[in-house]
Amino acid sequence: MARIVMKFGGTSMAGIERIRSVAARVKKEVDAGNQVAVVVSAMAGETDRLVNFCREASSLYDPHEYDVVVSAGEQITSGLLAIALQAIGVSARSWLGWQLPIHTSDAHGSARIADIDTTALNASLAKGEVAVIPGFQGVASGERVTTLGRGGSDTSAVAMAAAMKADRCDIYTDVDGVYTTDPRIVPRARKLKRVTYEEMLELASVGAKVLQTRSVGLAMKEHVRVQVLSSFLDTDEEEPGTLIVSEEELGTMERQLITGIAHDKNEAKITLTAVPDRPGAVASIFTPLADANINVDMIVQNVAHSTGSTDVTFTVPSADLARSLEVLNNAKGDIGFVELVHDTRVAKISVVGVGMRSHAGVAATMFKTLGERGINIQAITTSEIKVSVLIEEDYTELAVRVLHTAYGLDAEDAA
């Protein structure tokens with residue numbers, strides 16, 4: 001008997017028929033003799049609808065009440081799934097975040113899970129009940145409902161799996177696993193059998209939308225084995241998904257140089273011209289951005305001009321561009337730049353793979369391949385297992401395709 005957490009996203013829960021399909025999939029695990037806890041998202045589009053209600057009610061809404069409103073979507077789907085399971089003979093009940101309870105910080109709208117009390121849950125599972133738990137929510141001090149931020153249901157599922165000491169956390173989405181790149185861009189992209197936590201964390205952080213970054217980081221910290229599966233395949237046709245595991249579990253036999261190519265068009269480039277070339281100049285740029293909770297990604301500082309100044313280029317999320325420009329203009333006196341230039345028609349392309357640790361030439365292959373296709377590189381950033389470049393947005397799909405081929409990912413044995 002295994003203990004499994006099954007998580008279903010918004011598209012999987014979008015309507016009664018799909019909820020019935022989810023119930024059938026859960027029943028299959030129960031019939032196999034497994035103890036099952038299910039974490040559910042709100043119906044697709046429901047959270048956006050609830051957020052808009054809050055904004056319409058008041059532009060300065062109380063974050064405590066905002067969490068009460070936007071957490072309602074998951075409460076509805078958890079109750080509906082419990083009803084659907086009972087209708088097909090499966091003993092089930094819903095557990096809201098405050099009933100378990102799932103204790104979180106007080107940061108309403110972006111709370112972090114502190115701990116989960118599984119005493120009542122374990123007793124319920126021991127009786128053969130399926131526990132249906134709304135994702136995305138918990139309870140803070142003062143018994144106030146909190147939410148974990150967008151995409152928080154993945155984090156809820158991984159946290160539940162860690163607290164329950166589950167054998168596996170199955171995350172069902174609208175894709176059947178993790179691919180070497182976006183199959184809509186490269187039809188020959190291959191589904192990967194296994195990916196390391198670090199690779200998935202890098203892929204998620206640079207544009208791959210399969211899993212939320214925060215949930216992957218938590219899985220790595222807590223050593224939770226995560227499997228990505230499709231909820232849209234018939235239960236009789238279900239194929240193995242992609243397992244996300246430790247590098248030790250992956251072993252050396254299955255390890256390849258590059259695991260995947262990711263792209264992200266949600267980047268904006270900012271350049272400050274003629275910044276005084278003096279100690280503390282860079283800090284005067286990035287400190288006010290940090291104080292405004294704006295994440296800066298790629299950074300390039302040009303060689304100093306003969307005038308004693310330099311240009312500084314960096315990227316921020318597109319959604320933060322307007323705020324970034326406001327912060328920088330307000331700090332112009334301290335920074336001393338001459339001109340502030342921005343560009344939203346850029347994209348970040350990244351190659352990811354743990355094999356980079358022991359192989360040279362990965363970056364050189366990337367730069368040569370893009371150069372041969374006339375694709376100019378505007379900025380570069382690296383980590384131990386990732387190389388990212390910033391290019392003109394119009395070249396995004398071409399860059400992904402040629403790099404996928406250059407690293408042998410669309411060969412017959414790529415997976």
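Structure: see above.
The shown structure was predicted, so the numbers you read here are calculated from the model rather than taken from an experiment. (Residues numbered from 1 in each chain as written. Predicted model: local features only at pLDDT ≥ 70, side-chain atom pairs only at ≥ 80, totals over all residues. Heavy atoms only, no water.)

1. Details of the packing of helix 3 (residues 63–70) against helix 4 (residues 72–87)
Between helix 3 and helix 4, the shortest axis-to-axis distance is 4 Å and the interhelical angle comes to 25°. One way to sum up the angle between helix 3 and helix 4 is to call them roughly parallel. Residues Val68, Val69 and Val70 of helix 3 pack against Ala72, Gly73 and Glu74 of helix 4. The residue inventory of the contact of helix 3 with helix 4, partitioned by class, reads four nonpolar, one polar and one charged. (Axes fitted to C-alpha atoms, helices over the stretch in contact; angles between N-to-C directions. Helix = DSSP H or I, 4+ residues; strand = E, 2+ residues; numbered from the N terminus. Parallel < 35°, antiparallel > 145°, perpendicular 65-115°, else oblique. Contact = heavy atoms within 4.5 Å. Nonpolar A, V, L, I, M, F, W, Y, C, P; charged D, E, K, R; others polar.)

2. Some details on the sheet that holds strand 13 (residues 260–276)
One open sheet accounts for six strands, arranged 14-15-13-16-18-17; its pairing is antiparallel. The open sheet is flanked by strand 14 (299–301) and strand 17 (379–383), the only strands paired with a single partner. Recorded for the sheet is a direction-independent mean angle of 25° between the axes of neighbouring strands. In terms of strand pairing, strand 13 meets strand 15 (residues 309–317) through eight bridges, oriented antiparallel. Each residue of the ladder has a partner; that of isoleucine 270, found in strand 15, is phenylalanine 314. Against the sheet, helix 13 (residues 362–372) contacts strand 16 (339–352), strand 17 and strand 18 (386–392), and its axis sits at roughly 20° relative to strand 18. (Pairing = 2+ DSSP bridges.)

3. Topic: the packing of aromatic side chains
All chains considered together, the criterion is met by three aromatic pairs. Between tyrosine 61 and tyrosine 66 the ring centres are 5.0 Å apart and the planes differ by 10°, which places this aromatic pair in the stacked class. In this arrangement the basic side chain of arginine 93 is found over the ring face of tryptophan 95, its NZ or CZ atom lying 3.5 Å from the centre. (Phe/Tyr/Trp six-rings, centres within 6.5 Å; stacked < 30°, edge-to-face > 60°. Lys NZ or Arg CZ within 6 Å of the ring centre and 35° of its normal.)

4. Structural notes on the environment of aspartate 170
Assignment of secondary structure puts aspartate 170 in strand 9 (residues 168–173). On the basis of relative accessibility, which here comes to 1%, the residue aspartate 170 falls in the buried class. A C-alpha to C-alpha distance of 21 Å links aspartate 170 and leucine 100, two positions 70 residues apart in sequence. The residues contacting aspartate 170, other than those within four sequence positions of it, are Ile4, Val5, Met6, Lys7, Gln227 and Leu229. At 3.1 Å, the side chain of aspartate 170 and the side chain of glutamine 227 are in polar contact. (Buried < 20%, exposed > 50% of the residue type's maximum accessible area, 1.4 Å probe, protein only. Polar contact = N/O pair within 3.5 Å; in protein donor to acceptor, adjacent residues only side chain to side chain.)

5. Let's talk about the nonpolar core
Membership of the largest hydrophobic core comes to 37 residues, with the highest contact counts inside it found for Val5, Ile133 and Met160. Ignoring sequence-local partners within four residues, the contact set of methionine 160 consists of Val5, Val39, Leu100, Ile102, Ile116, Leu121 and Ile133. (Core = buried A, V, L, I, M, F, W, Y, C linked by side-chain atoms within 4.5 Å.)

6. Topic: the sheet that holds strand 10 (residues 194–196)
With mixed pairing, eight strands are arranged side by side in an open sheet as 3-6-2-1-9-11-12-10. Each edge of the sheet is formed by a strand with only one pairing partner; in this case those strands are strand 3 (92–94) and strand 10. In this sheet, adjacent strand axes meet at a mean angle of 20° when their direction is disregarded. Sheet topology note: the strand 1 (residues 3–8)/strand 9 ladder contains five bridges and is parallel. Among the inter-strand pairings, phenylalanine 8 is bridged to a residue of strand 9, identified as tyrosine 172. Here helix 6 (residues 152–164) sits on the sheet and contacts strand 1, strand 2 (35–40), strand 6 (130–134), strand 9 and strand 11 (226–230); the angle it forms with strand 1, its principal contact strand, is near 175°. Where helix 7 (residues 197–205) meets the sheet, it contacts strand 10 and strand 12 (242–245), and its direction lies at approximately 80° from that of strand 10.

7. Details of helix 8 (residues 213–222)
Helical periodicity: at 3.6 residues per turn, an α-helix aligns residues three or four positions apart in one direction. Those residues of helix 8 not exposed but buried are Arg214, Ser215, Val216 and Ala219. In this structure, the buried residues of helix 8 make contact with strand 5 (113–116), helix 6, helix 7 and strand 11. At the exit of helix 8 stands histidine 223, carrying a positive phi of roughly 60°.

8. Regarding helix 1 (residues 16–31)
In a regular helix each residue adds 1.5 Å, so 16 residues correspond to 22 Å; helix 1 covers 22 Å between its end C-alpha atoms and thus fits that length. Along helix 1, the residues that are buried comprise Ile19, Val22, Ala23, Arg25, Val26 and Glu29. Take helix 1 and look down its axis: the buried residues cluster within an arc of 165°, on one side only. For helix 1, the exposed residues lying more than 90 degrees away from the buried face are Glu17 and Asp31. Each element contacted by the buried residues of helix 1 is listed here: strand 1, strand 2, helix 4, strand 6, strand 9 and strand 11. Phi turns positive one or two residues past the end of helix 1, at glycine 33, with a value near 90°. (Expected span 1.5 Å × (residues − 1). Arc of directions from axis to C-beta.)

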